[in-house]
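# Coordinate analysis (summary)
The primary structure of each chain is shown beneath.
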Amino acid sequence: MHEEISQLIDQELNPEQRSALLERLINTDTRNNDTARKSWKCYHLIGNVIRDEVPSTGKDLSALVRDKLEKEPTVLAPLSIKKPGSNERQNARQNARKDVWKSVGLFAIAASLVVVAVATLMPMKFDGIAFQLTASSKAFNTSQAIRFSQEFDEMLVKHAEFTASPGMNGLIAYAKLVSAEKLQQ
Amino acid sequence: MEQDENDIVLVERVQNGDKQAFNLLVEKYQFRIKHLVSRFVKDSHEQEDIVQESFIKAYRAISRFRGDSAFYTWLYRIAVNTSKNYLVAMSRRPPAQDVIADEMVHSRGAERLVESNSPEQIAQNDQLVEAIKQSISALPEELKQAIQLREFDGLSYEDIAVAMNCPIGTVRSRIFRAREAIEQAIADLVE
């Protein structure tokens, strides 16, 4: 019995033996001078002394705490501790979730690569047509753009007095008018 | 810190309404917790109050313990917080030596003043620790080595068997014999 307690403290018992022995220890009362419970306490104290974890005055407080504990309402919160098995299950679930996000990420990267490839390869494919279009539009643009610019300036000068001026009224319109006159000269 | 399997079983029992299981945890950790509290508070009686309060707080909060850390780590945090709170509260109170002894008789510290503050008690506790140390040093070499490898170095029986070049059964027996010898040596000092 006492050798089993020694093994229990060292966590060298199998789960069934451990539960049975702890059950036995829980149900013994130290006030009845139970030697098994005394050994449980004493073996832990020996470990504390070897590891130098004992205060200079090591009074046994377990009886005082036990008396106080009797006045406390009983705790009832079953199944709240994480078991090593449940941890593994949770990790497996987290890993599965990670795998899903990983594949979604890879798919997104692949899709964006396809879009970039299409965007770059398409103009190359129709390079000849695109060149012809730009050449003709260039010829059109040079003469048209000059004419449009002049007409636009004239229109701005004519309608300058109707433009909205949030700051100083009339000053910007005057500035445009003067600059347009200078351009015409 | 690794989860202690005994603690898991005991905490589960407490969470299922078994108060007695908590007493085993108190018996197991009381000296470690008092040793921890002694780093914050010098007075032995104040340490004892804080240790008791820490265990009661741990019991009240045990439904919130989910096993994310080892039980001792969780208990350690409670004891550290209780010690710090005590120090903060003490800084607002008058120092203990200003309290008149007659008033103390009617306060909650009365029983401490009469009983546990006696030099005899302190001497007895010192004697207990000293007796354990002496009986360890008096052990035969193979028993001393086995229990030190287990308790100080935290080796498993399997590792100790390799280190001491002997079967696991011999390790088990040596560790038990060492504990048994020490227990017998201090029997008169333990209540």
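What counts and what doesn't
Residue positions are given per chain, counted from 1 along the sequence in the order it is written. Chains and ligands are labelled sequentially in the order written, the chains with letters from A and the ligands with numbers from 1. With pLDDT at 70 or above as the cut-off, local features in this predicted model cover only qualifying residues; side-chain atom pairs require 80 or more to be listed or tallied, and sums for whole chains, interfaces and linings still use all residues. By convention in this description, side-chain values take in all heavy atoms of the structure and omit both hydrogens and water. Along the chain, pLDDT gives the predictor's confidence residue by residue, from 0 to 100. Any pair of residues with heavy atoms lying within 4.5 Å of one another is described as a contacting pair. Each aromatic pair joins two rings of Phe, Tyr and Trp (for Trp, the six-membered one) with centres within 6.5 Å, and gets the label stacked for planes under 30 degrees apart, edge-to-face for over 60, and tilted for any other angle. Working definition: helices are DSSP H or I runs of at least four residues, strands are E runs of at least two. Numbering for both runs from the N terminus. Working definition: with a 1.4 Å probe on protein chains only, accessible area under 20% of the residue-type maximum means buried, over 50% means exposed, and in between means partly exposed. In this analysis the charged atom, NZ for Lys or CZ for Arg, is taken to sit over a ring once it is within 6 Å of the ring centre and within 35 degrees of the ring normal. The directions considered for the arc are those from the helix axis to the C-beta atoms. The criterion is simple. A nonpolar core is a set of buried Ala, Val, Leu, Ile, Met, Phe, Trp, Tyr and Cys residues joined through side-chain atoms within 4.5 Å. Throughout this description, the term salt bridge denotes a Lys or Arg side-chain nitrogen within 4 Å of a carboxyl oxygen of Asp or Glu.

Here we come to the confidence of the model for chain B. In low-pLDDT segments, the atomic positions of the prediction should not be examined closely. Residue and element names in this part refer to chain B. The share of residues in chain B with pLDDT of 70 or more is 81%, and the mean pLDDT across the chain is 81. Residue range residues 97-117 is modelled with pLDDT below 50. Its contacts to residues more than four positions away, or to other chains, number 18 contacts. What the predictor reports for the complex is a pTM of 0.63 with an ipTM of 0.80.

Here we come to the packing of aromatic side chains. Residue and element names in this part refer to chain B. Inspection of every chain in the model, using the stated rule, returns 8 aromatic pairs over all chains. A ring pair is formed by Phe22 and Tyr59, whose centres lie 5.4 Å apart and whose planes are at 65 degrees; its orientation type is edge-to-face. Linking Phe22 in helix H2 (residues 19-37) with Tyr59 in helix H3 (residues 44-61), this pair joins segments that are 37 residues apart in sequence. The interplanar angle of 40 degrees and the centroid separation of 5.8 Å between the aromatic rings of Phe71 and Trp74 together place this pair among those described as tilted. Placement of both Phe71 and Trp74 in helix H4 (residues 71-92) is noted, with a separation of 3 residues, approximately one turn of the helix. The pair Phe71 / Trp74 is uniform in exposure class, with both members buried. Through a chain of ring-to-ring contacts, the aromatic side chains of Tyr29, Phe65, Phe71, Tyr72, Trp74 and Tyr76 assemble into a single cluster. Here the guanidinium or amino end of Arg32 rests over the ring plane of Tyr72, the centre of that ring lying 3.9 Å away.

Among the residues making up helix H9 (residues 157-164) of chain B, those that are buried are Tyr157(B), Ile160(B), Ala161(B) and Met164(B). Take H9(B) and look down its axis: the buried residues cluster within an arc of 105 degrees, on one side only. Exposed and facing more than 90 degrees away from the buried side of H9(B) are Glu158(B) and Val162(B). Elements that come into contact with the buried residues of H9(B) comprise helix H1 (2-9) of chain A together with helix H8 (141-151) and helix H10 (168-186) of chain B. Just downstream of H9(B) lies Asn165(B), where phi reads positive at about 55 degrees.

A few words now on the nonpolar core. Ranked by internal contacts, the top residues of the largest apolar core, which has 67 residues, are Trp40(A), Phe22(B), Ile33(B), Phe55(B), Ile62(B), Phe71(B) and Ile132(B). For this core, the leading source of residues is H2(B), giving 10 residues. With sequence-adjacent residues up to four places away left out, Ile33(B) is seen in contact with Val51(B), Phe55(B), Tyr72(B), Leu75(B), Tyr76(B) and Ala79(B). Among the nonpolar cores identified, the runner-up in size contains 9 residues, and Leu149(B), Tyr157(B), Met164(B) and Ile175(B) belong to it.

The next subject is the pattern of salt bridges. When the charged atoms of two side chains lie near each other, side chains of opposite charge can form a pair. Inspection of the entire model under this criterion finds 16 salt bridges over all chains. Between Arg51(A) and Glu53(A) there is a salt bridge whose closest N-O contact spans 3.2 Å. Using a relative accessible area of 14% as the deciding quantity, one classes Glu53(A) as buried. Here Arg179(B) makes a salt bridge to Glu151(B), at a shortest N to O gap of 2.8 Å. Of this pair, Arg179(B) sits in helix H10 while Glu151(B) sits in helix H8, placing them 28 residues apart in sequence. Taking relative accessible area as the criterion, Glu151(B) reaches 8% and is therefore assigned buried. The network of salt bridges with shared partners includes Asp10(A), Arg51(A), Glu53(A), Arg32(B), Arg150(B), Glu151(B) and Arg179(B).

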